[in-house]
Amino acid sequence: DAGITQSPRHKVTETGTPVTLRCHQTENHRYMYWYRQDPGHGLRLIHYSYGVKDTDKGEVSDGYSVSRSKTEDFLLTLESATSSQTSVYFCAISESPRVKSTDTQYFGPGTRLTVL
Amino acid sequence: DAKTTQPTSMDCAEGRAANLPCNHSTISGNEYVYWYRQIHSQGPQYIIHGLKNNETNEMASLIITEDRKSSTLILPHATLRDTAVYYCIDNDFHGSSNTGKLIFGQGTTLQVKP
């Protein structure tokens, strides 16, 4: 398995509190992604990063921010958590798609977040 | 929305080949077909991908029709541990964005039975 860890693995928080999820990789891959998975919606891309300090929005980015100050870490922040953000969050990594001619993404184990 | 169509569920007997179909009739010339699977409560796992030619690796084979409008993932000897949701995805990472964006649909739930 690709060296990807996510922390915490489980979190319960209250509406209105800030929450930060961490994704850490040991593969030195350039690209990192945050997805959320909800019943009936499959996996949806929140934000992604194509290098240190380079990030862009995915299809469901409202209410989320990200930061990448080091190659190995990609942080997802919910500034003020809402119940609609209760979900399972997956981090993924890939090498440079255009350079490698492949966009195989490798996923972490996930973080289960519950917002009460 | 996902651009692929897959059956909602399939059953397969243990030890037999599992053939999972996928329709991607709107696929463009630069788009690869990717297959991932997700075993309950785990992160998606990459299986295989291809553009035009059939592909095989240690996990599975991918058969792509000549017109590229559909493909079949083959697990040659399914085991109980292959029970999972299988996702077929077409991905254009040569597009205008910096990355291909995997758009996951609902996938096919494969149940391998003893």
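Here, the structure is the one placed above.
Residues numbered from 1 in each chain as written. Chains lettered and ligands numbered in written order. Predicted model: local features only at pLDDT ≥ 70, side-chain atom pairs only at ≥ 80, totals over all residues. Heavy atoms only, no water.

### Side note on the overall build of chain B
Convention followed: Secondary structure elements follow DSSP: runs of H or I of four or more residues count as helices, runs of E of two or more count as strands, with numbering from the N terminus. Any residue under 20% of the maximum accessible area for its type is buried, any over 50% is exposed, and the rest in between are partly exposed; the area is computed with a 1.4 Å probe on protein chains only. To be clear on the numbers: accessible area is Shrake-Rupley with a 1.4 Å probe, and residue cover counts the displayed protein chains and nothing else.
Within chain B, the regular secondary structure consists of zero helices and nine strands. Its helices and strands taken in sequence order, chain B reads β-β-β-β-β-β-β-β-β from the N to the C terminus. Going through the 114 residues of chain B one by one, you find that 46% of them count as buried. Split by element, the accessible area of chain B, about 5700 Å² in all, is 47% carbon and sulfur.

### Let's talk about unusual backbone geometry
Residues and elements named next belong to chain A. The peptide bond linking S7 to P8 adopts the cis configuration, its omega dihedral lying at -10°. Of note, P8 is situated in the loop between β1 (4-7) and β2 (10-13). If you check the backbone angles, K53 has positive phi at about 70° while not being a glycine. By the element assignment, K53 lies in the loop between β5 (42-51) and β6 (54-57).

### Things to note about the state of the cysteines
Filter applied, for reference: A pair of sulfur atoms, both from cysteines and within 2.5 Å, is called a disulfide here.
Tallying each qualifying case throughout the model produces two disulfides over all chains. Across a sulfur-sulfur distance of 1.8 Å, A:C23 and A:C91 are joined as a disulfide pair. Its torsion about the S-S bond being -70°, the disulfide of A:C23 and A:C91 is classed as left-handed. Taken together, the positions of A:C23 in strand β3 (residues 19-25) and A:C91 in strand β9 (residues 87-94) put the pair 68 residues apart, joining distant regions of the chain. The partner cysteine of B:C22 in its disulfide is B:C88, sulfur to sulfur 2.0 Å. Disulfide B:C22 to B:C88: torsion about the S-S bond roughly -80°, handedness left-handed.

### Focus: the pattern of salt bridges
Note the following rule: Here, a salt bridge means any Lys or Arg side-chain nitrogen found within 4 Å of an Asp or Glu carboxyl oxygen.
The final tally for this structure, using the stated rule, is seven salt bridges over all chains. The closest approach of N and O atoms between A:R44 and A:D38, which form a salt bridge, is 2.9 Å. With respect to class, A:R44 is no different from A:D38; both count as buried. A salt bridge links B:D82 to B:R37; its shortest N-O distance comes to 2.8 Å. Placement of B:D82 in the loop between β7 (70-75) and β8 (84-91) and of B:R37 in strand β3 (residues 32-38) is noted, with a sequence separation of 45 residues between them. Here B:D82 matches B:R37 in class, with each residue buried. Here the salt bridges do not stand alone but share partners, grouping A:R22, A:K70 and A:D73 into one network.

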